[in-house]
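Here are the chains, one letter per residue:
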Amino acid sequence: MRVKRWIDEQNMRGEDMEELHPSPWFPCWRLKFDAPLESPKDSAIHLSEVQEVGLWCLLGAGSLGSERQLWATWSGVVDNQQNDRMKARSLEVEFIRLLAGTHNIDQAFRRVGLNEGDEEGWLAYIPDAEVGEGEDVHLPYLNWRDLNHEAERLAFSVNAVIQSMRPSMALLDAEKLGLEVNISKVDEASLLAHVANADSQS
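To keep things clear, this report deals only with the structure shown in the data block.

Calculation criteria
Residues numbered from 1 in each chain as written. Predicted model: local features only at pLDDT ≥ 70, side-chain atom pairs only at ≥ 80, totals over all residues. Heavy atoms only, no water. Axes fitted to C-alpha atoms, helices over the stretch in contact; angles between N-to-C directions. Helix = DSSP H or I, 4+ residues; strand = E, 2+ residues; numbered from the N terminus. Parallel < 35°, antiparallel > 145°, perpendicular 65-115°, else oblique. Contact = heavy atoms within 4.5 Å. Nonpolar A, V, L, I, M, F, W, Y, C, P; charged D, E, K, R; others polar. Core = buried A, V, L, I, M, F, W, Y, C linked by side-chain atoms within 4.5 Å. Buried < 20%, exposed > 50% of the residue type's maximum accessible area, 1.4 Å probe, protein only. Arc of directions from axis to C-beta. Polar contact = N/O pair within 3.5 Å; in protein donor to acceptor, adjacent residues only side chain to side chain. Left-handed = near helix turned anticlockwise from the far one by under 90°. Pairing = 2+ DSSP bridges. Salt bridge = Lys/Arg side-chain N within 4 Å of Asp/Glu carboxyl O.

1. Overview of the packing of helix α5 (residues 91-100) against helix α6 (residues 105-112)
- Between α5 and α6, the shortest axis-to-axis distance is 8 Å and the interhelical angle comes to 75°. Looking at the two axes, α5 sits roughly perpendicular to α6. Of α6, the residues touching α5 (which contributes Val93, Ile96, Arg97, Leu99 and Ala100) are Ile105, Ala108, Phe109, Arg111 and Val112.
- Here the residues of the contact of α5 with α6 sort into eight nonpolar, no polar and two charged.

Here is the structure:
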């Protein structure tokens, strides 16, 4: 399912979609580091070396505002992979690029990556796609017990603990993410459009 189609379907549900159609949790965990980060790049490299199952990545504390933002990003990654349109060499980096709403990978890491001195961040798991009839992509089945266990292990490996927090607009750093902060309200629709914009730039 293409990311634009997925976003359109979400927007068509209207203002009451949270109540009528709650979005499933995306597999991500809020991290609190034991000390301010000295080398985010080293932490990311270490994570890639110690993860045993699936694809995981580290994200900046202010990069996530909603579950749908993450699922839209995931949908875009799957679509780009299936249609040979990925601009990054790995799924993790493509995920970061789309989340940041840009073609430029360096800019993507500046927008949604960890920075030196950060004390908090996010650990995200990028699920495999489940393709059904007509090549439509369905939200994947997630074994939360196994994922939580692996998330705790990976958090420990990067000197962090998991906090009981979910993505929310209150935690979002809209300016750093590259959103137009002069508009009256940065809402979920803004986040979804930002993801879609990553592959609509000239």
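2. A closer look at the nonpolar core
- The biggest cluster of nonpolar side chains holds 43 residues, and the ones touching the most others in it are Phe26, Leu31, Trp56, Leu59, Phe95 and Leu123.
- When contributions to this core are tallied by element, the ones reaching two or more residues are β1 (28-33), β2 (55-60), α4 (67-82), α5, α6, β3 (120-126), α7 (144-157) and α8 (174-177).

3. What about α6?
- Here α6 has its buried residues at Ala108, Arg111 and Val112. What you see down the axis of α6 is that its buried residues fit within an arc of 70°, all on one side. Residues of α6 that are exposed and point over 90 degrees away from its buried face: Asp106 and Arg110.
- Buried residues belonging to α6 abut β2, α5, α8 and α9 (188-197).
- Structurally, the start of α6 carries an N-cap: the backbone nitrogen of Asp106 is 3.0 Å from a side-chain oxygen of Asn104.

4. Some thoughts on the packing of helix α3 (residues 40-50) against α7
- The geometry of α3 relative to α7 is characterised by a closest axis approach of 10 Å and an angle of 135° between their N-to-C directions. Relative to α7, α3 is oriented oblique. As α3 runs across α7, the sense of the crossing is right-handed. Where α3 abuts α7, its residues His46, Leu47 and Val50 lie against Arg153, Leu154 and Ser157.

5. Topic: the sheet that holds β1
- Spatially, β2-β3-β1-β6 is the arrangement adopted by the four strands of the open sheet, whose pairing is antiparallel. The sheet is open, and its two edges are formed by β2 and β6 (160-163), each paired on a single side. The mean angle between the axes of side-by-side strands here comes to 35°, regardless of whether they run parallel or antiparallel.
- On the sheet, α3 packs against β2 and β3 and is oriented at approximately 160° with respect to β2.

6. Looking at the pattern of salt bridges
- One pass over the full model with this rule turns up ten salt bridges.
- Of the charged contacts in the structure, one is a salt bridge between Arg85 and Asp79, with a shortest N-O distance of 2.5 Å.
- The exposure class of Asp79 is buried, given its relative accessible area of 7%.
- One salt bridge connects Arg97 with Glu94, and the closest N-O pair in it is separated by 2.8 Å. Remark: Glu94 and Arg97 occur in helix α5; sequence separation between them is three residues, near one turn of the helix. Note on accessibility: Arg97 and Glu94 belong to one class, buried.

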